[in-house]
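Spelled out from the first residue to the last, the chains are:
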Amino acid sequence: TAGDDAATMVQKATDCLAGTANGTIVSLGSWGGYIIFGFDHQIENGSGADFKITGNAFAGNAEPGIVMVAADDNQNGLPDDTWYEICGSAHQHDETQRQYVVTYKKHRSSGDSIVWTDNRGNNGYIVKNSFRTQNYFPDWATDDSLVFVGTRLPNNAVEQAPNYFVLNAFEYGYADNQPNTTDSGIDIAWATDTAGNPVVLQGIDFVK
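Looking now at the sheet that holds strand β8 (residues 145-152). Ordered by their spatial adjacency, 4 strands build an open sheet running β7-β6-β5-β8, and the pairing between neighbours is antiparallel. Looking along the sheet, the strands with just one partner apiece sit at the ends: β7 (123-126) and β8. With direction set aside, neighbouring strand axes in the sheet form an average angle of 30 degrees. Pairing of strand β5 (residues 97-105) with strand β6 (residues 114-118), which is carried by 4 bridges, proceeds in the antiparallel orientation.

If you look at the biggest cluster of nonpolar residues, it comprises 14 residues, and the most contacted ones within it are F51, V67, V69, A191, L201 and I204. Put simply, the parts of the chain that give this core at least two residues each are β4 (84-86) and β13 (203-207). Non-local contacts of V69, meaning those with residues more than four positions away in its chain, are made with F51, T82, W83, Y84, I86, A191, L201, I204, F206 and V207.

Let us look at the pattern of salt bridges. Applying the stated criterion across every chain yields a total of 1 salt bridge. Linking K12 and D4 is a salt bridge whose minimum nitrogen-to-oxygen distance equals 2.7 Å. With relative accessibility at 35%, the residue K12 sits in the partly exposed group.

Here the focus is the environment of N156. Tracing the backbone through its elements, the reader meets N156 in the loop between β8 and β9 (157-161). Look at N156 and you get buried, because its relative accessible area is 15%. C-alpha separation for the pair N156 and V207, spaced 51 residues apart in sequence, amounts to 24 Å. Separated by 3.0 Å, the side chain of N156 and the backbone oxygen of A62 make a polar contact. One polar contact links the side chain of N156 to the main-chain carbonyl oxygen of N168, over a distance of 2.9 Å.

A cluster of nonpolar residues, V115, Y125 and V127, forms a patch on the protein surface that exposes about 300 Å² of accessible area. With respect to the helices and strands, V127 occurs in the loop between β7 and β8.

The next subject is unusual backbone geometry. The backbone phi angle of Q75 is positive, close to 60 degrees, even though this residue is not glycine. Mapped onto the elements of the fold, Q75 is located in the loop between β3 (68-70) and β4. Residue N163 is not a glycine yet carries a positive backbone phi of 65 degrees. Among the secondary structure elements, N163 is positioned in the loop between β9 and β10 (164-167).

Now for the sheet that holds strand β1 (residues 37-44). In spatial order, the strands read β1-β13-β3-β4-β12; together these 5 strands make up an open sheet with antiparallel pairing. Unpaired on one side and paired on the other, β1 and β12 (191-192) mark the two borders of the sheet. Direction of pairing for β3 relative to β4: antiparallel, over a ladder of 2 bridges. Among the inter-strand pairings, M68 is bridged to a residue of β4, identified as E85.

Scoring rules and cut-offs
- Residues numbered from 1 in each chain as written.
- Predicted model: local features only at pLDDT ≥ 70, side-chain atom pairs only at ≥ 80, totals over all residues.
- Heavy atoms only, no water.
- Pairing = 2+ DSSP bridges.
- Helix = DSSP H or I, 4+ residues; strand = E, 2+ residues; numbered from the N terminus.
- Axes fitted to C-alpha atoms, helices over the stretch in contact; angles between N-to-C directions.
- Core = buried A, V, L, I, M, F, W, Y, C linked by side-chain atoms within 4.5 Å.
- Buried < 20%, exposed > 50% of the residue type's maximum accessible area, 1.4 Å probe, protein only.
- Contact = heavy atoms within 4.5 Å.
- Salt bridge = Lys/Arg side-chain N within 4 Å of Asp/Glu carboxyl O.
- Polar contact = N/O pair within 3.5 Å; in protein donor to acceptor, adjacent residues only side chain to side chain.
- Patch = residues over 30% accessible without salt bridge, like charges linked within 9 Å, V, L, I, M, F, W, Y side chains within 5 Å.
- Areas by Shrake-Rupley, 256 points an atom, 1.4 Å probe, with all protein chains shown as cover.

Written as structure tokens, this is what we have:
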């Protein structure tokens, strides 16, 4: 809302996820949007799934998000250590794109759709809709563009009728992908480095 900045938005997210409104869903926006969770204890790398990220996925409505984890190696309580990407079931798919880059351009006036381009020569719009009436580009951003780099999963949307899409879930390893059952669990043993090689972590303190 008017007057919000990065700090107030962090507080709003904290209130939704860990405060008085614990359990309220937070939207991450379009591709590249992210949130970082910190914990008051280390999550140990045990046998099988170690944690889960609950979302609003259900059959035919999966919006898979990449999960990253980090340990507080320097013991300063901040998520400024090495991040490792969880390798889910779609990471080895031929259409998965690593080092994918998207640039979003700031709207020229309130209510405009957002223009995006990627490093593969594609472009398009994040189209304004009636369900989300706020500005889609952070009002407090001083730059005219936002750039995100990460892994882009294969397209999971199937158009079964005009303007009716079914979003199929991947097998495992992503946020907001499977319903909030044991299928949504994340195993720290799935963590990989920037080259895609498995890493061994004793535990983690942060999830992105």
